[in-house]
Structures are given as C-alpha cells and as structure tokens.
Amino acid sequence: MLDLYNKLEKIVNAKYISNDIYVRHAYSRNVDLVLQGVPDIVIRPKDAEEISEILKVANEENIAVIPRGAGICEFGGSKPIGDNGIVLDLKRMNKILNLDEENLIVTVEAGISWGKLNEYLCHYGLYTGCMGPGSGMSASIGGGISHHSVGGGGCAKYGACTNQLVSLEVVLPTGEIIETGSQANRFSKIPFNRFGNGPDLAGIFCGDNGIFGVKAKISLQVFPKPEFADYKTFLMPRKSAETAAQIMADIRNKGIDVYDAMFIPDVVIGVGSPQGLFPLWDHIKKKRGIFFYTIEANSEIELKEKTKQIDSIISNTKSEYLGPEISNGNIAKWHYKEQGHWQFYHNLWGMFPSMQPLTAECFCTINAFPEILRDIDQWDLEHNEDMQKIFNITKIRPISGSGPVVLIDGTNVEITAGFVSFWGYYEDEFHEIIEETNLKLWKSLLERLIKHGTQWYMMGDFMSRLMVDIGAYSAEFYNLMKSIKKRLDPKMILSRGKFNFWGEK
Ligand SMILES: Cc1cc2nc3c(=O)[nH]c(=O)nc-3n(C[C@H](O)[C@H](O)[C@H](O)COP(=O)(O)OP(=O)(O)OC[C@H]3O[C@@H](n4cnc5c(N)ncnc54)[C@H](O)[C@@H]3O)c2cc1C
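Residues numbered from 1 in each chain as written. Predicted model: local features only at pLDDT ≥ 70, side-chain atom pairs only at ≥ 80, totals over all residues. Heavy atoms only, no water.

Novice: It is not clear to me how the site of the ligand should be interpreted in this structure. Could you clarify?
Specialist: Inspection of the region around the ligand gives 39 residues, with P67, G69, S135, S140 and V150 positioned closest. For the ligand, an oxygen atom lies 2.6 Å from a polar atom in the side chain of S135. Taking S149, its side chain carries an N or O atom lying 2.8 Å from an oxygen atom of the ligand. Across the complex, the protein chains shield 99% of the 970 Å² of accessible surface that the ligand would expose by itself. Going through the elements one at a time, strand 3 (65-68), helix 5 (141-147), strand 10 (214-221) and helix 12 (344-349) are the ones with two or more residues in the shell around the ligand. A per-element tally of the shell around the ligand places helix 5 first, with 5 residues. Residue composition of the shell around the ligand, grouped by class: 15 nonpolar, 18 polar and 6 charged. (Near = heavy atom within 4 Å. Polar contact = N/O pair within 3.5 Å; in protein donor to acceptor, adjacent residues only side chain to side chain. Areas by Shrake-Rupley, 256 points an atom, 1.4 Å probe, with all protein chains shown as cover. Helix = DSSP H or I, 4+ residues; strand = E, 2+ residues; numbered from the N terminus. Nonpolar A, V, L, I, M, F, W, Y, C, P; charged D, E, K, R; others polar.)

Novice: Sorry, what's going on with the side chain of T180 here?
Specialist: Relative to the helices and strands, T180 resides in the loop between strand 9 (177-179) and helix 7 (202-205). Polar side-chain contacts of T180 include one of 2.9 Å to the backbone nitrogen of L168. Contact partners of T180, with chain neighbours within four places excluded, come to S167, L168, L201 and A202. (Contact = heavy atoms within 4.5 Å.)

Novice: Would you take a moment to explain unusual backbone geometry for this structure?
Specialist: Keep in mind that most residues, glycine aside, have a negative phi and that most peptide bonds are trans. Here the phi dihedral of N62 falls at roughly 50 degrees; this positive angle occurs in a residue that is not glycine. Examined against the element boundaries, N62 turns out to sit in the loop between helix 3 (48-61) and strand 3. Here N62 falls in the partly exposed class, since its relative accessible area comes to 25%. Although it is not a glycine, N209 adopts a positive phi angle of roughly 55 degrees. Position of N209 relative to the elements: it lies in the loop between helix 7 and strand 10. (Buried < 20%, exposed > 50% of the residue type's maximum accessible area, 1.4 Å probe, protein only.)

Novice: What exactly am I supposed to notice about the domain arrangement of the protein here?
Specialist: Where the parts come together, the accessible area they lose is often given as the size of the interface. What the domain assignment reports for the protein is domain 1 (92-224), domain 2 (228-345) and domain 3 (352-461). If you average the C-alpha positions of domain 1 and of domain 3, the two centres end up 31 Å apart. At the junction of the two partners, domain 1 supplies 10 residues and domain 3 supplies 10 residues. For the domain 1 and domain 3 pair, buried surface summed over both sides reaches about 760 Å², with 57% attributable to carbon and sulfur atoms. A per-residue breakdown of the area domain 1 buries against domain 3 is headed by H147, V150 and N209, which together make up 50% of the total. For the pair domain 1 and domain 3, the number of links is 0 salt bridges. Our count for the domain 1 to domain 3 interface comes out at 5 residue pairs in polar contact (both at pLDDT 80 or more). Taken together, the residues of the side of domain 1 that touches domain 3 break down into 4 nonpolar, 6 polar and no charged. (Domains from an automatic or database assignment. Buried area = accessible area lost by both parts, 1.4 Å probe. Salt bridge = Lys/Arg side-chain N within 4 Å of Asp/Glu carboxyl O.)

Novice: Sorry if this is basic, but what is going on with the sheet that holds strand 4 (residues 86-89) here?
Specialist: Hydrogen bonding along the main chain pairs the strands of a sheet, whether they run parallel or antiparallel. Read across the sheet, 4 strands follow the order 1-2-4-3 without closing on themselves; strand pairing throughout is mixed. The sheet terminates laterally at strand 1 (17-18) and strand 3, the two strands that pair on one side only. With 4 bridges connecting them, strand 3 and strand 4 associate as parallel partners. Residue V65 lies in a different strand from strand 4, and its bridge partner there is I86. Here helix 3 sits on the sheet in contact with strand 2 (41-43), strand 3 and strand 4, set at roughly 170 degrees to strand 4. (Pairing = 2+ DSSP bridges. Axes fitted to C-alpha atoms, helices over the stretch in contact; angles between N-to-C directions.)

Novice: How should the state of the cysteines be read in this particular structure?
Specialist: Note on terminology: disulfide describes a covalent bond linking the sulfur atoms of two cysteines. Within this structure, the stated rule accounts for 0 disulfides. Just so you know, C73 is unpaired, no disulfide at all, and the nearest cysteine sulfur is the one on C161, 14 Å from it. Judged by its relative accessible area of 4%, C73 is buried. Looking at the unpaired C155, the closest cysteine sulfur is the one in C130, lying at 6.4 Å. (Disulfide = S-S within 2.5 Å.)

Novice: I tried to follow a negative patch on the surface on my own but got confused; where do I start?
Specialist: Where like charges cluster on the molecular surface, the negative patch consists of E427, D428, E429, E432, E435 and E436. In this fold, D428 is placed in helix 15 (residues 428-450). (Patch = residues over 30% accessible without salt bridge, like charges linked within 9 Å, V, L, I, M, F, W, Y side chains within 5 Å. Lys, Arg positive; Asp, Glu negative; His and termini not counted. Charge placed at Lys NZ, Arg CZ, Asp CG, Glu CD.)

Right, here's the structure in full:
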C-alpha cells in the first residue's frame, strides 16, 4: 500500500492525497448513514491528465477507484463497496472554464456545484434551466450528470439535467481522455452540439453512476431567465394524490408550459408541520396535501394567459388558494424567489434528530404515482412486525410514505419515497437488531417499488446491485451493459462492485 501511495503522491501534490484514518473515515459514507466502506486512500486531482495518471496506476495495482463529487448519493454510490480502494474526490475541479454567451453554452469542471454555477450565471441573466438536484447547493454537476439528476427546480420545463448536456470530456477507466458530441471532431473549436459525429457516446456516461468513466469537463446549455414569473400554492381536497395527478395530467394534455409543479402529500404536512419543518406551514391548519406551480413568461400578457389556463384546471378540483405571499403559505414563491428549490429537501432530511431517511427515489408516470403511494401505505401495514421491533427498543416507530412528487420530463414524475427510522448508536446487541431490521425493511420497500416498474436514476452501491440480485434487468440488457463495462474497464477498477461488476479482486 505504501508503494501505491508513493506512486500516487508523485501525480498530485502531497497536499492533495491522504491515508490518514480520520480522512478515510470521513469519506467512508454518503448521505445515508447505513452503508459504509472505508477507502485506503483519498486523492484530489486537479485535471483530466492527473485523473488519467491515477487510473493508470490503479490498473497496474488492480485497485478500485471511486469517483466522488459532493458525496450526497443516497444509495452509497460515492464510497467504496467494502473497505478498500481509492476515493477520487473531484471537488478541487470546480472552475468555470468558459461562458459562450453567443451560443448559450457554459463549460465547467465536473466538481463545481449547481449553486456556484448558477450564482455565476445569474450575473448574465442566465440559468441552467433544470437547476440540478434538490441538493444543488453542494451537489456537483458531475454527480448530477452521473445520476440523471432532476428535482432542484425547473424540471417540469427543462427535464433532467442530462437533457441540457452538450459535451463531455471523460477519462476512461484505462486512462484515455475522450471528448464527445461536436468535440469528437478534432477541428471543432467550441462545444455546440451533443448529437452527431457518430452515435451519442455522451449518453453512455449519463446516469452511469460512475462506472464507465470519470467526467472531467462538462458543457451545458444555459438559458436566459425570463423576466416574468407567477407562483401559486393550493391546499388540496381529500384524496389529494389523485387530484394532483389529474392536475399534472391536464397540464401536459393542454400543453401548458409550467416551470415547476409539485405535490406534497398530507402525511408530510401532517407530520412535518408540528416538527416546524417549514415555519410558513404554521398557516396550514388542515394538514391536507399541497399543490404548487411556477410559470415563467417573457411578457405580462403571456404570463396572465398561462396563469389563467392553469388556474382554470385547478379551479375544478375544490383546491383552496393560499394567497400570494410566503407568509400566506405560498411555498411556490419561496421555492422560486428565495432558492427554496435547494433548501426544501434539506429540511426533510433533518426533520427528526437521530432518525435516518432510507429513501426510494424513483421515476414513474403521472397516472401511476397515486397507486404507488397507496402501496407504500400497504407495505407499511404488512411490515408492522418489523417496525414494531424497532419501536419496542427505541420507542420510535419508523415512518414510511412519500415526500414531494415533482413533475419532470413528459408525463413523468419524480417520487421521493421511503421511510425514516432510528439509526443512532443503541447499546449492545440492540444496535445490531436495529441495523439488521432497517436494512431488511429498506431492501423490501425498494424491491416492492421496482416491481411497480419504476425507474431508478441514482443507484449507487445498494440499488444497482439490488436490481441485478432480484433479476430486474433482462439478461440481454445486463449482458450488453457488462460487455461495454469489460471493454472500457477490463479490470473493473472504476466503482468496482456496482451492478455486481466485480472483476478479479
Ligand atoms: C437533501 C437532499 C436532496 C436531494 N435531492 C435530489 C433531487 O432532487 N434529485 C436528485 O436527482 N437527487 C437528489 N439528491 C441525491 C443526490 O444529492 C444527487 O443525486 C446529486 O446529483 C449527487 O451529486 P454529488 O455531487 O453529491 O454526487 P456523488 O454522490 O458524489 O456521486 C454520485 C455518483 O456519481 C459518480 N460521480 C460523481 N462525480 C463523478 C464524475 N465527475 N465522473 C464520474 N462519476 C462521478 C459517483 O461515483 C456516484 O456514483 C438529494 C440528496 C439530498 C441529501
């Protein structure tokens, strides 16, 4: 290991490599506290060339390398699987390399956050359209592209962040550096188009969860931020999931161009309000579901017309308008005007001290989500015995359900589902019982949702292997993915173990 360390230290400055036990443990988890893998070494490259050298050494030594942006994967994707490997921390690569104002394309290093990039763009009246994930204040652009992230604002209008991708500079697992799209032509001076010059090779790195290559540079389309916007929040009638689904379907059927549309189920309002989840929810006494939308426009007339169209859909549903100000409970205004789109989920994650969200975030169609939400309630009833086991020890019963449901591309929504459960240290053998029961419950809920045909974008350690273990992939699809992996990464060093691609250890 010392030999490996010395070889790597020669590539980066000594300041940017560590095998210190505290550093290794700091990089051993992601946002979930459940899955852990302690790396041997943590290293922070400065560019594609250094990444390439690191990967060449890792191949010589046959050791796993795990790319990491901000490390906020919810399924353990940016830490090793097992205790070994090199964590490649990309947060040092956080520069904006070029803003092509004429062609509306920005080129950045992969480790920059959505927050930092958009803070820069707003000085030019621009934004990234899809604002990345809800964790965008720290989550990296490289992590977003590797996850197909969506949900941090603007996703009903712009879809997932990979829709805005123009070109990538990627370091392949064996160290070669390639560029995609317009940049596949060596004579092209600026990135301007993702498709063409042959097949869409950028596509295989989108949502790859870091298994096919390390993104070093990313070019994205950017958009002028429209001058006008309106945002309204409504308290829903009973059976709010069905009503919200109907509103979303009508929005799509009528071709109304919304920027965001979100449903927050009554369980989140009911449980969250007394916890002070959002102070502005104090106004919402009835604890029913909430629906909100944001619309953008280039003129007042356009805005009025669009708002009229969407309000006429909502007026048929007996929903109650909460008023224009944030203090009236207008979450939509807070979401759009006050960067609430990046704060919203943080409050959910930190709602109960010592409780750990074990999430099941996925995509499905608008018309499928009410049934899926009902089935999560049913799953809870069926697993009462295990839930009770945790209650008997901690006096806190896990809470399952769905958080916000967000309209994304086409007729799809993103569901933030799962359960929160006790996960602090608990004395003696009780700790193990809690740990085992939580993992069993998490697996069973994920399996249940996979069998609804849901689609997973953030897969990491846990989800990528579960899909394979329960036979969710067709043999033909999985074999093709495996043969691409073998061709690109013969020793399977990059993110070793994800999707059960282990290689020879
Ligand atoms: C409060 C909260 C809210 C969230 N909201 C959302 C949401 O709305 N939508 C959503 O999609 N997700 C959400 N997430 C999950 C997660 O934060 C995002 O998916 C985010 O995009 C991950 O970015 P990251 O930089 O933390 O990536 P990491 O966790 O560091 O990495 C993610 C994956 O990409 C790989 N990777 C990272 N960088 C690179 C690179 N440069 N090259 C190759 N592979 C790389 C890693 O190996 C890993 O597999 C949320 C999480 C939290 C805690």
